[in-house]
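# Overview (structure and organization)
The residues making up each chain are set out below.
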Amino acid sequence: MNRMTHPRFELMTPAGVAAALERIKVMDGTVGAFACMLDEAAARRELERLQGPLAGLPIGVKDIFDTADVPTGYGSPIYSDGRAAKTDAAMVGAIRRAGGLVIGKTTTTEFAYLNPTATLNPNAPGRTPGGSSAGSAAAVAAGMIPFAIGSQTGGSVIRPASYCGVAGFKPSFGMLPTAGLKCFSWSLDTVGLFARSVGELAWFAQAVSGHALAVTQASHPWVVGVPQDYPWGEASPSARHAVDVACAALEAAGAQVRRIQLPSWVGDVHRAHDVIQGYEAWRALAREIENHPAALSPILHDYLRTARGIAAPDYEAAQGVAARARAQCAGWFEDFDVVLTPGAPDEAPQGYGSTGASTFNRAWTLLGLPCLSVPGVRGLSGCPMGVQLTGGPGADLACLQAGHFLGNLLAADAASRRTAP
């Protein structure tokens, strides 16, 4: 096994695998982040043949990615027969080639839509962990695993990362493969990653993608654009507080914070997202809605029936809006390195009836831009409230570097507050 792993993590051994499985079993009895686990014998066999930078580290995989060794259920009773897929999703193959041990499937909302899972938020008791990548965010937040993968069609990586207080990365559209992921919207579905910190997340992203994404604390005169308002609605006091804390930390460290107005096409893209997602979801889940309508949750069933009415000309017009906006992105980002916004409208909603709103994420997802949820701030109620950095077209490394810079500032600030008399 290639022993060049991350310095923060120990090389995984057979005894370590057994300990990891036992730890997850105990902790997950409370959190409910896993849909199923690899058994110890299979994990030991897998560990023997793994090579690569991840060196056998346990990875959680959202249960909408096909896996050949553990069941895939897509968060739906339609597929609750306990069967494994006949092959691995391409992203699962990338994890294995990088030496990662796929230790289990993390919970997902039904087909990665809005019907909540039973997963709890380990860092915000009594509040949702978000969705749809609920299990991946919660498992990392609880310390059960160092890394996990999820997916984002609207805000399903950034939002749960914000709610659970971990780092979440939605890379540029197409950087990570979606083959073998249960499709909801082929124009929007994007593979995302979770870790405890941005630095570890960037290292994980490099290991599974092959792109040079690992970051250092190199100095850079960061210019950060901060919108004055948003076309999709107001940020809550907690969300504004999180942005203010991040801006203050950046300015104190010498970064330039530039107040900006979002161009009109950002609002246009936000509205186009709904049309594109609905048109494609109705087609992607045709078998389920036609053959198993009673097995769908009411929220998904009603959504798909409504989406059926989206006409092809409306879909084509929405795709045209997206294409024109993407063409304008590069020029817009000439004045700043990243855009700083809340990762979600507020702290995680209380209760478990909702996974929260993706309003602060949808436009960037449709534009295909790299987005990063940076942890380290708490809202006015004391729960995690992440901030979102969005980079320009193809600027994944710069987005991660800026997030690493900001994350270290926020961590240092939090540590100083804990030790203050």
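Heads up: these notes are all about the structure in this document. Not measured: the values here are computed from a predicted model.

### A few points about the side chain of Lys105
- Secondary-structure assignment places Lys105 in strand E3 (residues 101-106).
- Overall, the relative accessible area of 0% leaves Lys105 in the buried class.
- A polar atom in the side chain of Lys105 sits 3.0 Å from the side chain of Asp63.
- In contact with Lys105, other than residues within four places in its own chain, are Ala33, Phe34, Ala35, Cys36, Val61, Lys62, Asp63, Phe65, Thr67, Val70, Pro71 and Thr72.

### Topic: the nonpolar core
- Ranked by size, the top nonpolar core spans 109 residues in total, and within it Phe65 and Leu340 carry the most contacts.
- Residue contacts for Phe65: discarding those within four places in its chain leaves Thr72, Ala89, Met91, Val92, Lys105, Ile149, Gly150, Gly180, Leu181 and Val191.
- Within the second largest apolar cluster, 31 residues are counted, among which are Met12, Ala33, Val166 and Phe194.

### With respect to helix H8 (residues 264-284)
- Taking 1.5 Å as the rise per residue, H8 with 21 residues should run 30 Å; its terminal C-alpha atoms sit 30 Å apart, in good agreement.
- At Ala272, H8 shows its maximal kink, close to 25°.

### A short note on the pairing of strand E10 (residues 371-374)
- Residues of E10 alternate between two faces, with Cys371 and Ser373 on one and Leu372 and Val374 on the opposite face, all of them buried.
- For strand E5 (residues 167-170) and E10, the ladder comprises three bridges, and the chain directions are antiparallel. Note on E10: the bridge partner recorded for Lys170 is Cys371.
- With four bridges connecting them, E10 and strand E11 (residues 387-391) associate as antiparallel partners. Bridge assignment links Cys371 to a residue of E11, and that residue is Thr390.

### Section: the packing of helix H1 (residues 14-31) against helix H2 (residues 40-49)
- H2 packs onto H1 with a crossing angle of 140° between their chain directions and a minimal axis gap of 10 Å. One finds that H1 runs oblique with respect to H2. Regarding H1 and H2, the two cross each other, and that crossing is right-handed. Residues Pro14, Val17, Ala18 and Leu21 of H1 pack against Glu40, Ala43, Arg44 and Leu47 of H2.
- Broken down by class, the residue content of the contact of H1 with H2 amounts to six nonpolar, no polar and two charged.

### Points about the pattern of salt bridges
- Scanning the entire structure with this criterion turns up 10 salt bridges.
- Note that Arg49 and Glu46 form a salt bridge whose closest N and O atoms lie 3.1 Å from each other. A residue pair is termed a helical-turn pair when its members lie 3 or 4 positions apart in one helix, as Arg49 and Glu46 do in helix H2 at three residues.
- Judged by its relative accessible area of 55%, Arg49 falls in the exposed class.

### Topic: unusual backbone geometry
- Backbone torsion omega between Gly131 and Ser132 reads 5°, so that peptide bond is classified as cis.
- Tracing the chain through its elements places Ser132 in the loop between E3 and helix H4 (134-141).
- A positive phi angle, near 65°, is found at Ala112, a position not held by glycine.
- Structurally, Ala112 can be placed in the loop between E3 and H4.
- The class of Ala112 is buried, set by a relative accessible area of 11%.

### A few points about the state of the cysteines
- Scanning all chains against the criterion turns up zero disulfides.
- With no disulfide of its own, Cys36 has Cys164 as its nearest cysteine by sulfur position, at a separation of 20 Å.
- Taking the relative accessible area as the measure of exposure, Cys36 reaches 16% and is therefore buried.
- Here Cys399 is not cross-linked by a disulfide; its sulfur's nearest cysteine counterpart is in Cys371, at 6.7 Å.

### Points about the sheet that holds strand E4 (residues 147-152)
- Reading across from one edge, E1-E3-E2-E4-E6-E5-E10-E11-E9-E7-E8 is the order of the 11 strands in this open sheet, with mixed pairing throughout. Only two strands of the sheet have a single neighbouring strand rather than two, namely strand E1 (34-37) and strand E8 (256-260). On average, each strand axis in the sheet is inclined to that of its neighbour by 25°, with strand direction left out of account.
- Where strand E2 (residues 58-62) and E4 come together, three bridges link them in parallel fashion. What sits directly across from Val61, in E4, is Ile149.
- Strand contacts of H4: E1, E2, E3, E4 and strand E6 (190-195), with the helix running at about 155° to E4, the strand carrying the most contacts.

### Topic: the packing of H8 against helix H10 (residues 298-307)
- Two numbers describe how H8 lies on H10: the axes approach to 8 Å, and their chain directions differ by 100°. Comparing their axes, H10 and H8 come out roughly perpendicular. Contacts between H8 and H10 involve Asp274, Gln277, Gly278, Ala281 and Trp282 from the first element and Tyr303, Leu304, Arg305 and Ala307 from the second.
- In terms of residue class, the contact of H8 with H10 is built from five nonpolar, two polar and two charged.

Rules behind the numbers
Residues numbered from 1 in each chain as written. Predicted model: local features only at pLDDT ≥ 70, side-chain atom pairs only at ≥ 80, totals over all residues. Heavy atoms only, no water. Helix = DSSP H or I, 4+ residues; strand = E, 2+ residues; numbered from the N terminus. Buried < 20%, exposed > 50% of the residue type's maximum accessible area, 1.4 Å probe, protein only. Polar contact = N/O pair within 3.5 Å; in protein donor to acceptor, adjacent residues only side chain to side chain. Contact = heavy atoms within 4.5 Å. Core = buried A, V, L, I, M, F, W, Y, C linked by side-chain atoms within 4.5 Å. Expected span 1.5 Å × (residues − 1). Bend = angle between axes of the 7 residues up to and from the residue. Pairing = 2+ DSSP bridges. Axes fitted to C-alpha atoms, helices over the stretch in contact; angles between N-to-C directions. Parallel < 35°, antiparallel > 145°, perpendicular 65-115°, else oblique. Left-handed = near helix turned anticlockwise from the far one by under 90°. Nonpolar A, V, L, I, M, F, W, Y, C, P; charged D, E, K, R; others polar. Salt bridge = Lys/Arg side-chain N within 4 Å of Asp/Glu carboxyl O. Disulfide = S-S within 2.5 Å.

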